[in-house]
Amino acid sequence: MFHWGRNKKALDSLEIASPIPGKAVELKEVPDPAFAQGHMGGGAAIEPAEGKVYAPFEGKIAHLMDKSKHAVIVEHRSGVQVLIHVGIDTVSLKGNGFTAHVKTGAKVKQGQLLLEFDQEAIRAAGLSPLSPVIVPDGPEAVARVEIHVGQQDDGHNGPLMTVYLKS
């Protein structure tokens, strides 16, 4: 969903839907200091209710971790990128339990299935399925990121976060 400024010419904020059904929690709850301390950017984490990752908005796949399939970066037309990182330390699974439905460079529609993952395989390996969803630091277009945590997300409870863009 897009919000247009008063002049109707420029996008001033972008609502980002939760890409993974589940409960949104604060990044500080992630058992990885790089995410928990915000070193990778602002965002939230999802306690997955199911093992599927959907496109949070219409855009393109800026990068898919091809071998491990545990993370994907989706880019909006405004230049805003969102990193969806399934689980913690799941790169160590080398793609076992993960299925990618897209490739780097693919155009995607909001709600399109991007990845599937086996939560039980993640847990059986002694890893957490808690999944950070962040707006990486660096994009000059981003003024601030507002997180909406605590809701159980079934796709209809509003956005996971709102990204405010610099004018």
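The chain goes by PTS system, glucose subfamily, IIA component domain protein in an unreviewed UniProt entry, where it is assigned to Paenibacillus macerans. The record in UniProt for the chain states the following under Subcellular location (unreviewed entry): "Cytoplasm".

A.B. asks: How would you summarise unusual backbone geometry if you had to cite specific residues and measurements?
C.D. replies: Here the phi dihedral of Asp-89 falls at roughly 60°; this positive angle occurs in a residue that is not glycine. As for its placement among the helices and strands, Asp-89 is situated in the loop between strand S8 (81–85) and strand S9 (98–100). The backbone of Lys-94 sits at a positive phi, close to 55°, despite the residue not being glycine. The residue Lys-94 is located in the loop between S8 and S9 in this model.

A.B. asks: Please provide a residue-by-residue account of the pattern of salt bridges, values included.
C.D. replies: What the rule picks out here adds up to three salt bridges. Between Lys-28 and Glu-26 there is a salt bridge whose closest N-O contact spans 3.6 Å. A salt bridge links Arg-123 to Glu-120; its shortest N-O distance comes to 3.1 Å. Of the two residues, Arg-123 and Glu-120 both sit in helix H2 (residues 119–124), three residues apart, roughly one turn of that helix. The exposure class of Arg-123 is partly exposed, given its relative accessible area of 40%. Using a relative accessible area of 51% as the deciding quantity, one classes Glu-120 as exposed.

Rules used throughout
Residues numbered from 1 in each chain as written. Predicted model: local features only at pLDDT ≥ 70, side-chain atom pairs only at ≥ 80, totals over all residues. Heavy atoms only, no water. UniProt positions renumbered as here; feature names shortened; annotations may be inferred. Helix = DSSP H or I, 4+ residues; strand = E, 2+ residues; numbered from the N terminus. Salt bridge = Lys/Arg side-chain N within 4 Å of Asp/Glu carboxyl O. Buried < 20%, exposed > 50% of the residue type's maximum accessible area, 1.4 Å probe, protein only.

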